[in-house]
Amino acid sequence: MNDQVISLTRLIRWLDLKIQQAEAAGRHLVRLRVSVFSLGLLFTLGALFQPSMRLLWYALALACLMAFTILVIRHERLRKEIRRLMQRRRIKEGNLARTCLEWDRLPVKNYPVPSQHPYACDLDIVGERSLMQLLDTTISTRGTRILMDWLLCPTPNDLKNRQRLVQEVKRLPIFRDKLALEASLVSDREINGKEILARLQHQLSAWIPGAQKWAIIFWLLSILLFGIWLFFPIPTVLWGSAYLAYVLIFLSSLPALAPVFGRASSLQTEFRKLEAVFLLLEKKISKKAPELASCCAPFQDTQKRPSSCMKRISRVCDALSIQGNDLVHLGVNLLCPWDFFFACQWEKLRRQLLKEIPLWLDVLGKVEAASALATLAALNPDYTVPHLEVDQQSEASIQAEGLSHPCLAAEKRKTNSFSQKGIGSLALITGSNMSGKSTFLKTIGINLCLAQAGGFVCASSFRSSWFRIYGCLRINDSVTEGLSYFYAEVKRLKSILNAAENWNAPPVLALIDEIFKGTNNRERVIGSTDYLRKLTHNNLVGLISTHDLEVTRISDQEKGKITNFHFQETIEGGRMKFDYQLRSGICPTTNALKIMQLEGLPVGETATGT
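Residues numbered from 1 in each chain as written. Predicted model: local features only at pLDDT ≥ 70, side-chain atom pairs only at ≥ 80, totals over all residues. Heavy atoms only, no water.

Concerning the overall build of the protein
In terms of helices and strands, the protein carries 19 helices and 12 strands. A compact globule built from 610 residues would reach a C-alpha radius of gyration of about 25 Å, whereas the protein, at 34 Å, exceeds it by more than 25%. For the protein, the spread of C-alpha atoms along the three principal axes comes to 120 × 60 × 55 Å. Excluding contacts between residues fewer than 6 apart, the proportion of contacts in the protein whose partners are at least 24 apart in sequence is 76%. Within the structure as shown, the protein displays about 31000 Å² of accessible surface, and the carbon and sulfur contribution to it stands at 57%. The average position of the 75 basic charges and that of the 55 acidic charges among the side chains of the protein differ by 8 Å. (Helix = DSSP H or I, 4+ residues; strand = E, 2+ residues; numbered from the N terminus. Rg over C-alpha atoms; globule rule 2.2 N^0.38 Å. Contact = heavy atoms within 4.5 Å. Areas by Shrake-Rupley, 256 points an atom, 1.4 Å probe, with all protein chains shown as cover. Lys, Arg positive; Asp, Glu negative; His and termini not counted. Charge placed at Lys NZ, Arg CZ, Asp CG, Glu CD.)

Brief notes about the packing of helix α15 (residues 485-500) against helix α16 (residues 521-535)
Relative orientation of the contacting elements α15 and α16 amounts to 20°, with a least axis distance of 11 Å. Regarding the angle of α15 to α16, the classification is roughly parallel. As α15 packs across α16, the resulting crossing turns out to be left-handed. Along the contact surface, α15 presents L493, I496 and L497, while α16 presents Y531, K534 and L535. Tallied by class, the residues present in the contact of α15 with α16 amount to five nonpolar, no polar and one charged. (Axes fitted to C-alpha atoms, helices over the stretch in contact; angles between N-to-C directions. Parallel < 35°, antiparallel > 145°, perpendicular 65-115°, else oblique. Left-handed = near helix turned anticlockwise from the far one by under 90°. Nonpolar A, V, L, I, M, F, W, Y, C, P; charged D, E, K, R; others polar.)

Re the sheet that holds strand β3 (residues 416-421)
What the four strands build is an open sheet, ordered β1-β5-β2-β3; its pairing is mixed. Where the open sheet ends on each side, the last strands, each with one partner, are β1 (387-389) and β3. Adjacent strand axes in the sheet meet at a mean angle of 10°, parallel and antiparallel pairs treated alike. Of the strands in this sheet, β1, β2 (397-403), β3 and β5 (461-465) touch helix α14 (residues 437-453), which is tilted by about 80° from β5. (Pairing = 2+ DSSP bridges.)

So, the nonpolar core
Within the largest apolar cluster, 120 residues are counted, with the highest numbers of intra-cluster contacts made by I125, L151, F271, W346 and L543. In terms of residue count, the dominant contributor to this core is helix α13 (residues 338-379) (20 residues). Each residue touching I125, except ones within four places of it in the same chain, is listed here: Y119, A120, S130, L131, M132, L151, L152, I446 and C449. (Core = buried A, V, L, I, M, F, W, Y, C linked by side-chain atoms within 4.5 Å. Buried < 20%, exposed > 50% of the residue type's maximum accessible area, 1.4 Å probe, protein only.)

Concerning the pattern of salt bridges
Side-chain pairs of opposite charge can arise whenever the charged atoms involved come near each other. Summed over all chains, the structure comprises 27 salt bridges. For the salt bridge of D177 with K92, the shortest nitrogen-to-oxygen distance reads 2.7 Å. On the criterion of sequence distance, the pair formed by D177 in helix α6 (residues 173-186) and K92 in helix α2 (residues 54-100) is long-range, its members being 85 residues apart. Note on D177: relative accessible area 22%, which makes it partly exposed. A residue is classified by how much of its surface remains accessible, and K92, at 10% relative accessible area, is buried. Across the salt bridge formed by D149 and R145, the nearest N and O atoms sit 3.3 Å from each other. On the criterion of helical spacing, the pair formed by D149 and R145 is a turn pair, its members being four residues apart in helix α4 (residues 141-152). (Salt bridge = Lys/Arg side-chain N within 4 Å of Asp/Glu carboxyl O.)

Regarding α16
In this model α16 runs 21 Å from its N-terminal to its C-terminal C-alpha over 15 residues, within 8% of the 21 Å that 1.5 Å per residue would give. Along α16, the positions that sit buried rather than exposed are R524, V525, S528, T529, Y531, L532 and L535. Tucked into the core, α16 has its buried residues touching β4 (426-431), α15, β7 (508-512), β8 (540-545) and α17 (554-557). (Expected span 1.5 Å × (residues − 1).)

Some details on the side chain of Q87
Relative to the helices and strands, Q87 is located in helix α2. Within the structure, Q87 has its side chain in polar contact with the side chain of S184 (distance 3.3 Å). A distance of 3.4 Å separates the side chain of Q87 from the side chain of D188, its partner in a polar contact. Excluding anything up to four places from it in sequence, Q87 contacts L181, S184, L185 and D188. (Polar contact = N/O pair within 3.5 Å; in protein donor to acceptor, adjacent residues only side chain to side chain.)

Some points on the packing of aromatic side chains
Per the counting criterion, the structure on display carries 18 aromatic pairs. Stacked on the ring of W150, the Lys or Arg R162 has its end atom at 6.0 Å from the ring centre. (Phe/Tyr/Trp six-rings, centres within 6.5 Å; stacked < 30°, edge-to-face > 60°. Lys NZ or Arg CZ within 6 Å of the ring centre and 35° of its normal.)

Re the state of the cysteines
By definition, a disulfide is the covalent link that joins the sulfur atoms of two cysteine residues. Considering all chains together, one arrives at zero disulfides under this definition. Cysteine C100 remains unbridged, with the sulfur of C407 as its closest cysteine sulfur at 15 Å. (Disulfide = S-S within 2.5 Å.)

Some remarks on the environment of I6
Within the fold, I6 resides in helix α1 (residues 3-49). Residues I6 and E81, spaced 75 residues apart in sequence, show a C-alpha to C-alpha distance of 25 Å.

Quick word on the pairing of β2
Walk down a regular strand and you will see the side chains alternate between the two sheet faces. Pairing between β2 and β3: five bridges, direction antiparallel. If you follow Q399 over to β3, its bridge partner there is S419. Looking at chain direction, β2 and β5 are connected through four bridges and run antiparallel. Looking at β5, one finds that Q399 is bridged to R463.

What to know about the sheet that holds strand β6 (residues 468-472)
Picture the strands of a sheet paired through backbone hydrogen bonds; they go either parallel or antiparallel. Spatially, six strands are ordered β6-β7-β8-β4-β9-β12 in an open sheet, and the strand pairing comes out mixed. Each having just a single partner strand, β6 and β12 (583-584) make up the two edges of the open sheet. In terms of strand pairing, β6 meets β7 through five bridges, oriented parallel. Counted as the bridge partner of I469 is L509 from β7. Docked against the sheet, α14 engages β4, β6, β7, β8 and β9 (562-567), running at close to 150° with respect to β7. Lying on the sheet, α15 is in contact with β6, β7 and β8; it crosses β6 at an angle near 160°.

Remarks on the layout of surface pockets
Over the atoms, a rolling probe the size of a water molecule traces out where space has been left empty. Computed from the structure, the largest pocket encloses a volume of approximately 750 Å³. Along its surface, the largest pocket is lined by 36 residues, and R90, I91, R98, T137 and A180 are the ones closest to its centre. Elements with a minimum of two residues in the lining of the largest pocket: α1, α2, α6 and α13. It is α6 that contributes the most residues to the lining of the largest pocket, seven residues altogether. Among the residues forming the lining of the largest pocket, the class breakdown is 13 nonpolar, 11 polar and 12 charged. (1 Å grid on protein atoms, 1.4 Å probe; cavity = no way out; pocket = protein on both sides within 12 Å on 5 of 7 lines; lining within 4 Å. Points joined across faces, edges and corners; volume = space filled by probe spheres on them.)

Details of the side chain of D548
With respect to the helices and strands, D548 occurs in the loop between β8 and α17. On the accessibility criterion, D548 (6% relative accessible area) is buried. Here R524 takes part through its side chain, which lies 2.5 Å from a polar atom of the side chain of D548. Contact partners of D548, with chain neighbours within four places excluded, come to N521, R524 and V525.

Notes on the environment of A183
Along the chain, A183 falls in helix α6. Judged by relative accessible area, A183 falls into the buried class, the value being 4%. Those residues in contact with A183 that lie beyond four places of it in its chain are I139, I191, K273 and V277.

Written out as structure tokens, the structure reads:
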């Protein structure tokens, strides 16, 4: 058990203790409230049955009322504190699950991936037991989208900004916790930016502002005439007609005003969550985090604070919520033009929000994405800051030491060092079944993916050029498109070759597992050899695994371009053992027949002796 797990476990136990103490205090307050209420009721009855001491009894009943009110306020505060503690515990449990890679305790979202993405599925960036499932601590759909964009569609232009932002947020654990906590205290549902913007698109009927003016005029006129009628003998029909005109305007406008209530009530919770999160981003940020301060600059404008705007529109939503009770709604609007006033306030704020909120949501999303990458780094102190060279004029290379896969448990990780440089260079990896070839390819790809997103990597050191990542590790045939496995693989390999032929873009990092395994041995060797030779003359650096030792002979023909590496195994006590260590050269052993024998399949002596 590492220090991070011990620390999180102790914190969760401490939070459990605080929750138990708070719940015990809550039960005590409930008993006190019942007791004080009962005493107040007795004192009130005493005033009824002992008129001579009525003043004393009423004083005691009033004291009980005041004490009961204080207890209610304290109980409500305690309930909020219990909820805060429970949400903090949930966040820490999520961090513990990420540290221990307890996948069943981590939520899986439906991450929409662009069709034919060059590596999203191959490197397990999305889906179950994926990098996104491990990383995703975002609280909004926009934050999730930006995090996915950083992982799946990164750009080198703002890499340094992303790296600085992630590194700064990593040093702010309280800030990261509050970012996740504040919104969850309002609701556990993530903030849906698309839904907010879609509902804000609906405009108030154009004739409502004009109807509001006439409604206010007739309402004020009816009040004025009613006041005059109280003191002077004027006809009742005067103020009655003015008031009737106001009522008719209100009733005729009701169908147009009703939808405003629906939209406001559906967004009320979203606005409260945004208010809580925006308040956090508006707080003075330490000078030690200049990139975070720069990112949150739109929230530092004292004249136009996003949280104030959220608070105002939340109040309007509260006011419009009286439509939920027909009697109260009708009664209030018969007294004053309540719906008209707040519907027009809603329209004014809606137009303002429609201009401002996309920027606010983008800023929040960037901070969330940086927080997700920073949390992974904070939970894994052995991760390191990668060094990426984005200058296309520099030699394409990738160098890593102590490299391992972030989605494997720490006790199961096997580290490897690897170095490759030069456009057109290929690393040809051979090895037995289950020896670690596929995992190694994914390890290279997923760490480069993290590095180019701006995050930390699972390595002791990591230096690399900027690459366009392409994978051919997980190919699925398609019944609906009529594609066989082999044809789907051919199409994927063709897309890699097409990308590598573009010399105006950064070089391609091609990760190909078991090249052409969908066809027979003879054609596989011929096809693989020709394909690899073609790759060496394009804008590409490649890592390719193969079972075919015949393919490795191409390294003799393409010296300086193709380098052989391998994984191997040993057999001890009738069982196969793997050390998952990358070695130079061609694999000296194979294990397919050995596995068949160990599992009791009928492998003949002729086959065994080959």
